[in-house]
Amino acid sequence: MRPLLGRAPAWLALPAAVAVVFLVVPLLALLLQTPWRDLLDLVGTAEVRDALRLTALTSACTVVLCLLFGTPLAWVLARARFRGLAALRALIVVPLVLPPVVAGVALLAALGRRGLVGEPLAEAFGVRIPYTTAAVVIAHTFVALPFFVLAVEGAFRTAGAEFDTVAATLGADRWTTFRRVTLPLALPGLAAGCALAWARSLGEFGATITFAGNYPGATRTMPSLIYTELQGDPEVARTLSLILLLVSILVLGALRDRWLRPGVGG
Amino acid sequence: MIAAMSRKNLGIALALLALGPLLSACGGEEDQQTITVLAAASLTDTFEQLAADFEASHEGVDVRLAFDSSATLAAQAAEGADADILATADTTTMGEASDAGAVRGEATVFATNTATLVVPADNPADITTVTDLDRDGVVYVVCVETAPCGKAAAALLPAAGVTAPPASEEVDVKAVLAKVTSGEADAGVTYVTDAVAAGDAVRTVELPGAEDARQEYPIALLTQTAEPDLAQEFLDLVLSEQGRQVLADAGFGPVA
Amino acid sequence: MSGAETPRGLRCDVVVPGRLRAALDLPPGEVVAVLGPNGAGKSTLLHAVAGLLGDVGPVEVAGRRWSGAGRPPVLVPDRRLGMAFQGQLLFPHLTALENVAFGLRTRGASTAEAAATARDWLARFGIEDLAGRRPRQLSGGQAQRVALARALAPGPSLLLLDEPFAGLDVGVATALRADLVRHLAPLEAVTLVVTHDAVDAAVLASRILVVQDGEVVQEGAPGEVLARPATAHVARLVGLNVIEDDPAAPDGPDGPEGGAGRLGCFRPSAVAVSLEEPTGSPRRRWAGVVTGVVRHGDLLRVEVATDAGPVLVADLTPEAGTELALDVGRRVWLAVKATAIDWQPAR
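What counts, and where the lines are drawn
- Residues numbered from 1 in each chain as written.
- Chains lettered and ligands numbered in written order.
- Predicted model: local features only at pLDDT ≥ 70, side-chain atom pairs only at ≥ 80, totals over all residues.
- Heavy atoms only, no water.
- Disulfide = S-S within 2.5 Å.
- Buried < 20%, exposed > 50% of the residue type's maximum accessible area, 1.4 Å probe, protein only.
- Helix = DSSP H or I, 4+ residues; strand = E, 2+ residues; numbered from the N terminus.
- Polar contact = N/O pair within 3.5 Å; in protein donor to acceptor, adjacent residues only side chain to side chain.
- Contact = heavy atoms within 4.5 Å.
- Buried area = accessible area lost by both parts, 1.4 Å probe.
- Salt bridge = Lys/Arg side-chain N within 4 Å of Asp/Glu carboxyl O.
- Nonpolar A, V, L, I, M, F, W, Y, C, P; charged D, E, K, R; others polar.
- Pairing = 2+ DSSP bridges.
- Right-handed = clockwise from strand over helix to strand, strands pointing away.

Participant: Sorry, what's going on with the state of the cysteines here?
Facilitator: Where two cysteines share a covalent bond between their sulfur atoms, that bond is called a disulfide. Residues and elements named next belong to chain B. For the structure on display, the rule yields 1 disulfide over all chains. A sulfur-sulfur separation of 2.0 Å characterises the disulfide bridge that pairs Cys-143 with Cys-149. Its torsion about the S-S bond being -105°, the disulfide of Cys-143 and Cys-149 is classed as left-handed. Each member of the pair, Cys-143 as well as Cys-149, carries the same accessibility label: buried.

Next up, the structure:
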């Protein structure tokens, strides 16, 4: 029972169709050109299982960190009022614009053995960050956090500052208002942010290999494994790409589009 | 006369005047020739030098250089990338390009390279022999096993008695060098030429068995070349006395 | 000050630069209707007293200083406020019961206690069977009841209702108004109700405040304010004809000498309608065109757009109307005795 508005205009439908083809054809090509029988063999190998396990672990940690630290930041950007707020928002978006390798170089400059924070940390506590799984999580979080914050800030805005006022007149301080009104209303946006952060983390390569390194078991995620294999056996690399693609499709399919559509209320 | 021209004609004339130089620049045969050389990352400095020499002695010729890992370049050549010459850091990757039918004629070995251990100039971990890599707390990096320098490291280190694994496998020699010079790693396995190129930033430590396991660098014309004669001239330069001197200065070894 | 009794009710002297200036002193239990044209500052008054516009001046409620006196102001959540907003603004993710219980839980009540009190309040408004519904499943009238219950449940010291019957069907609004009268009666709290309806003001309020251009221009008991409005807005609200003083009027105004700046009100029943220019005793008269004829109770209400400008309304008996063959587009003359016009300084 929809209003009689007519069909989608050609000026919109056609470019949209082109966009769909543009996005789908490479994926289809990957699916069709890859030897499927090798897939099961490869998945069985220790290297691939290590890489998959590491990818799953690091992407999950990334999402958790984004939730814990990105949500409050998104709230501040959406609600707080102070001079320099616009500058802060611009600064936070910078990692989005950085080529991932540059992000890796920046992380080294900060947390590497000779880094601004890394050097004193190593000298005082013997803590070394590069080449560890923790470094992978740090790299992933660095590049995924801006996506998360932007998505969730949007959700907090549409969740309506007017409800904040209502809650205040009913005796709720700002923390209570956040817990019982703002956050519940923004849940769909939060889920979308998580999906984005997870997806970015899954595909993250440049910053990871530059900052965390590439070693099986500790820091060799699926993308790193694929790149490594690309040097030696491109066919294997393709099959591995397919595995990663299938994993992504499975997870995103499980989410369905409920959470990928911003603004869908609970 | 000009006043008599109609506006439209004047416009066309101006457009042609502007386009003229542009058109002659694009693929004009008498004016500019270009050859594209795909070369392994470790050949950066030497080939840039040779390219400059070539351009100086050949008026109107532009030599475009693309440096990357041998595997990536071989793959590009196999895919039919628009290039004239391929020079890789090992015969295996050249073989891949050749199997794909990208190599015109036969490839020629023009230089050899020896693997070596490099440490930062100040040698903070005090590494003097290769077995020092086994010491507690020493961080060393190598290339991925699928790259030529990585294969070398994977063969030579265990043979020398090193049991400790590397902290990371970098994508190419340049990345290994970067980690060492920046102090992120105490040591790394690269080629002698990379150590020479890094100059004072690094010191070398001998890698036992490296001399016997030298890397052979082949160079070949590609079937897809658009300038076979010009490309051959460049190839000749590389193989000439002048070319060999430039390579030797950079640390490459002679053809066995 | 007597000193024996602590002052209660609402006392304030607020200034919102460019929008409102109001000084009020209201006893406990007073229900005040705030009337005025759009943009006059009615909602601003409510927001100012609530603390939603910052610290705008001294506000004291039920003996407790909310702002002023050089001390940091009491924050909005710490004020015992009850506020019902335009558009209800019920929390969409909570049920009706949870909405009403919200203000109780923030003040420390347990979930069970709050739910019990909330259910009680829903019952008082006759909607206890809607407790489990979400706001989007409620009709306008039902949502408004929940909003009122939500504001009243925590037992506020000051109740601020911003157009509580806006957008409701007449029947629904009338019923709700009657309920509200019952609920407000026993309260010690001062209530400020913004409304556009004279009947709401008359039924609910014990006092009327008329706000215009950011100032309180008239204040008094409903009977007084509605019978002798000092503003054109309220005059029209109660159905009186309103004219502004025109010194050039042919027969001159009766009453005290004065220049421009006076408001004259007269009832539609005092207007005589004729087809020819009236003659005789000094009367105000206007020529114009009939723009509407409507039954109004037992009478016929005729709306006339006068050539001089104002739109005036006359009440006639149906017989008189038929006799004059009044119809839309007919040219008529209106006249009213000078003594029937009640003049006041215009505000």
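Participant: Hey, could you run me through the environment of Pro216(A) in this one?
Facilitator: All names here are of chain A. Counting through the fold element by element, Pro-216 comes out in the loop between α10 (206-212) and α11 (222-232). Using a relative accessible area of 33% as the deciding quantity, one classes Pro-216 as partly exposed. Here the alpha-carbon distance between Pro-216 and Glu-204, two residues 12 residues apart in the chain, equals 16 Å.

Participant: Explain the side chain of Ser67(C) to me, please; I cannot follow it from the model alone.
Facilitator: All names here are of chain C. Checked against the element boundaries, Ser-67 lands in strand β5 (residues 64-67). Residue classification places Ser-67 among the buried positions, given a relative accessible area of 5%. Within the local environment of Ser-67, its side chain forms a polar contact with the backbone oxygen of Gly-57, the two atoms lying 2.6 Å apart.

Participant: Teacher, can you tell me more about helix α8 (residues 161-169) of chain A here?
Facilitator: In an α-helix, one turn spans 3.6 residues, which is why side chains three or four residues apart end up on the same side. Turning to α8(A), its buried residues are Phe163(A), Asp164(A), Val166(A), Ala167(A), Ala168(A) and Thr169(A). Those residues of α8(A) that are buried lie in contact with α3 (46-79) and α9 (174-203) of chain A together with β6 (81-84), α2 (96-105) and α4 (140-152) of chain C. Positioned one or two residues after α8(A), Gly171(A) has a phi angle of 95°, which is positive.

Participant: Help me out: how do you make sense of the interface of chain C and chain A in this one?
Facilitator: For interface size, the figure often reported is the accessible area lost on association. With 18 residues of chain C at the interface, the matching set in chain A holds 17 residues. The three residues of chain C that bury the most area against chain A are Pro77(C), His93(C) and Phe102(C), which together make up 31% of that side's buried surface. Joining chain C to chain A, the criterion identifies 0 salt bridges. Where chain C meets chain A, there are 2 residue pairs in polar contact (both at pLDDT 80 or more). With 3 residues, α2(C) is the largest single contributor of residues to the side of chain C that touches chain A. The residue makeup of the side of chain C that touches chain A, split by class, is 11 nonpolar, 3 polar and 4 charged.

Participant: What exactly am I supposed to notice about the interface of chain A and chain B here?
Facilitator: Across the boundary between the two partners, chain A contributes 20 residues, which contact 25 residues of chain B. Taken together, both faces of the contact between chain A and chain B bury some 1,800 Å²; the carbon and sulfur share is 45%. The largest contributions to the chain A side of the interface with chain B come from Arg113(A), Tyr131(A) and Gln231(A), which together make up 39% of the buried area. The interface formed by chain A and chain B holds 3 salt bridges in total. Residue Arg113(A) is joined to Asp186(B) by a salt bridge in which the shortest nitrogen-to-oxygen separation is 2.6 Å. Counting the contacts that link chain A with chain B gives 8 residue pairs in polar contact (both at pLDDT 80 or more). Within the residue set of the side of chain A that touches chain B, elements represented by two or more residues are α10 and α11 of chain A. Ranked by residues supplied to the side of chain A that touches chain B, first place goes to α11(A) with 5 residues. In the side of chain A that touches chain B, the residues fall into 9 nonpolar, 7 polar and 4 charged.

Participant: Honestly, the environment of Leu98(A) in this entry has me stumped. Any pointers?
Facilitator: Residue and element names in this part refer to chain A. If you trace the backbone, Leu-98 turns up in the loop between α4 (85-97) and α5 (100-111). Taking the C-alpha atoms as reference, Leu-98 lies 10.0 Å from Ala-207; in sequence the two are 109 residues apart. Those residues in contact with Leu-98 that lie beyond four places of it in its chain are Ala-103 and Phe-142.

Participant: Looking at this structure, I do not really get the pairing of strand β6 (residues 140-143) of chain B. What am I missing?
Facilitator: Two faces belong to every sheet, and in a regular strand the side chains alternate between them. All names here are of chain B. Going residue by residue along β6, you find Tyr-140 and Val-142 tucked away on one face and Val-141 and Cys-143 tucked away on the opposite face as well. Bridge count for β6 against strand β8 (residues 187-191) is 2 bridges, and the pairing is parallel. Within β8, the residue paired with Tyr-140 across the bridge is Ala-187. Two strands pair when backbone bridges link them, and β6 and strand β7 (residues 168-170) are joined in this way by 3 bridges, in the parallel orientation. When the bridges of β7 are listed, Val-142 appears paired with Glu-169. For the crossover from β6 across helix α5 (residues 148-159) to β7, the handedness is right-handed.

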